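Structure at a glance
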Amino acid sequence: MSGRIDEFLEIQNQKNRVALSVFNRLSALGYGDDFLDVYQDSTVIEQIILELHPTSIRSITTICSLVSAYAKFIKNNNAYQTIQNIDRNLLWEKAKPFAAQKYLSHELYLNVIHDIGMFEETNALYYQTLFRVIYEGVYCEDMSVIANLRASDIDGNIVELHTDDGYSYKIALPEDLIEDLKELAASNEWERKNRYGIFKMKVSGRYPDSCFKIENRKDDSDTTYRFGYYNKLRKIAKEYLEYNISPLQLFISGIMYHIRLELDKKNISIEDAFAEENRNKTVMNIITKELSRCEYDIPVKALREQVVGYLEVFTL
């Protein structure tokens, strides 16, 4: 990239990784500084957006926002108006068949837990419990609530969670999951396979009673724990799902399941609840309550934008 796009990105802020990613991909596709001057037809601009492989309506909204901001920057009002008039819902319908799966249904979640127990030769309880605890609402971006989770913070079915920045909150978890967490906390061993069979090695956590310990390494930094958990979740996705799923997507899948359970009690479909025009107070209260339970600090509108293209997943 060079010229006007570089100038635009500098104004956008060098730390705006999303903007940098979008325009890097546009450059890789052969679209230079003047692409909006050359391609002004709405159909062509929509095709350019589709070539970026958006994964949701929110993704399309982000791309449109950045590209329209660039149009404004280069003073191309025609392109700006064209992008503003794009029907993002219709564009998502075109993109959706080619988009990677992002979430998982409750039925598939149960299948994964079952299959880990049936087929995982080593550390099945650890894998099951890590997958379950995130689905049940224990998550933050740096995974510190997982690393800091310890048996002494469990009281009945209530767990007190701690982030690395000093924030604490409590969450109720299923009784059988609580028992699994306690069992993990009591263990300091990790099973490994070699050509002679299975042997056990020592693992450690931030505390002697940490639930999710990791292999002993010289680098005991915060990122070591986070990457350790990410690697284990990637293994689960690779072996027991047909697609990759991030911890955040697993977390949101669990949120949506709990929301659906409450909606079912009110005979409200998940499609109606997440319809753009829905302002029903009962629906808003159900969604807000679940977001609060998990300490997921985003507006209801933002959650809707994340999941609206995948609502059928959460009906299973």
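All of the points below concern the structure found in this document. No experiment lies behind these values; they were computed from the predicted model shown. (Residues numbered from 1 in each chain as written. Predicted model: local features only at pLDDT ≥ 70, side-chain atom pairs only at ≥ 80, totals over all residues. Heavy atoms only, no water.)

This paragraph deals with the packing of helix 13 (residues 247-265) against helix 16 (residues 300-307). A pair of packed helices is captured by two measures, namely the crossing angle of their axes and the spacing between those axes. Look at helix 13 against helix 16: their axes get within 12 Å of each other, and the N-to-C directions meet at 110°. With respect to each other, helix 13 and helix 16 are oriented roughly perpendicular. Here helix 13 contributes Ile-252, Met-256 and Ile-259 to the contact with helix 16, which in turn contributes Leu-303, Gln-306 and Val-307. (Axes fitted to C-alpha atoms, helices over the stretch in contact; angles between N-to-C directions. Helix = DSSP H or I, 4+ residues; strand = E, 2+ residues; numbered from the N terminus. Parallel < 35°, antiparallel > 145°, perpendicular 65-115°, else oblique. Contact = heavy atoms within 4.5 Å.)

Before going further, it helps to examine empty space enclosed by the protein. Within the structure shown, the criterion is met by three cavities of 30 Å³ or more. As a volume, the largest cavity reaches approximately 40 Å³. As for the largest cavity, its lining consists of Leu-104, Ser-105, His-106, Tyr-135, Ser-253, Met-256, Tyr-257, Arg-260, Phe-314 and Leu-316. Tallying contributions element by element places helix 13 first for the lining of the largest cavity, with four residues. Here the residues of the lining of the largest cavity are counted per class, giving six nonpolar, three polar and one charged. (1 Å grid on protein atoms, 1.4 Å probe; cavity = no way out; pocket = protein on both sides within 12 Å on 5 of 7 lines; lining within 4 Å. Points joined across faces, edges and corners; volume = space filled by probe spheres on them. Nonpolar A, V, L, I, M, F, W, Y, C, P; charged D, E, K, R; others polar.)

Right, let's get into the environment of Asp-142. Looking at where Asp-142 falls in the secondary structure, it is placed in the loop between helix 9 (124-135) and helix 10 (144-147). Using a relative accessible area of 34% as the deciding quantity, one classes Asp-142 as partly exposed. A sequence separation of 85 residues divides Asp-142 from Phe-227, and the C-alpha atoms of the two residues are 9.5 Å apart. Leaving out residues up to four positions away in the same chain, Asp-142 has contacts with Asp-164 and Arg-226. Only 2.8 Å separates the side chain of Asp-142 from the side chain of Ser-144, close enough to count as a polar contact. (Buried < 20%, exposed > 50% of the residue type's maximum accessible area, 1.4 Å probe, protein only. Polar contact = N/O pair within 3.5 Å; in protein donor to acceptor, adjacent residues only side chain to side chain.)

With antiparallel pairing, three strands are arranged side by side in an open sheet as 4-5-6. The sheet is open, and its two borders are formed by strand 4 (189-194) and strand 6 (214-215), each paired with just one other strand. Two strands pair when backbone bridges link them, and strand 4 and strand 5 (residues 197-204) are joined in this way by six bridges, in the antiparallel orientation. The residue bridging Asn-194 from the neighbouring strand is Gly-197, located in strand 5. (Pairing = 2+ DSSP bridges.)

With respect to the helices and strands, Arg-260 occurs in helix 13. Look at Arg-260 and you get buried, because its relative accessible area is 17%. Not counting residues up to four positions away in its chain, the partners in contact with Arg-260 are Ile-270, Phe-314, Thr-315 and Leu-316.

A volume near 600 Å³ is recorded for the largest pocket. Lining the largest pocket are 15 residues, with Val-18, Thr-55, Ser-246, Leu-248 and Gln-249 sitting closest to its centre. Only helix 2 (17-28), helix 5 (57-73), helix 13 and helix 16 provide two or more residues apiece to the lining of the largest pocket. Among the elements that line the lining of the largest pocket, the one with the most residues is helix 13, at three residues. Residues of the lining of the largest pocket, tallied by class, amount to four nonpolar, six polar and five charged.

In this section: the pairing of strand 3 (residues 168-172). Side chains Tyr-169 and Ile-171 project from strand 3 onto a buried face, and the interleaved Ser-168, Lys-170 and Ala-172 project onto a face without burial. Pairing analysis gives five bridges linking strand 2 (residues 158-162) to strand 3, with the strands arranged antiparallel. Of the residues in strand 3, the one forming a bridge with Val-159 is Ile-171. In textbook terms, the turn of a hairpin is the stretch between consecutive antiparallel strands, and for strand 2 and strand 3 this stretch comprises five residues, one of which, Gly-166, has a positive phi near 95°.

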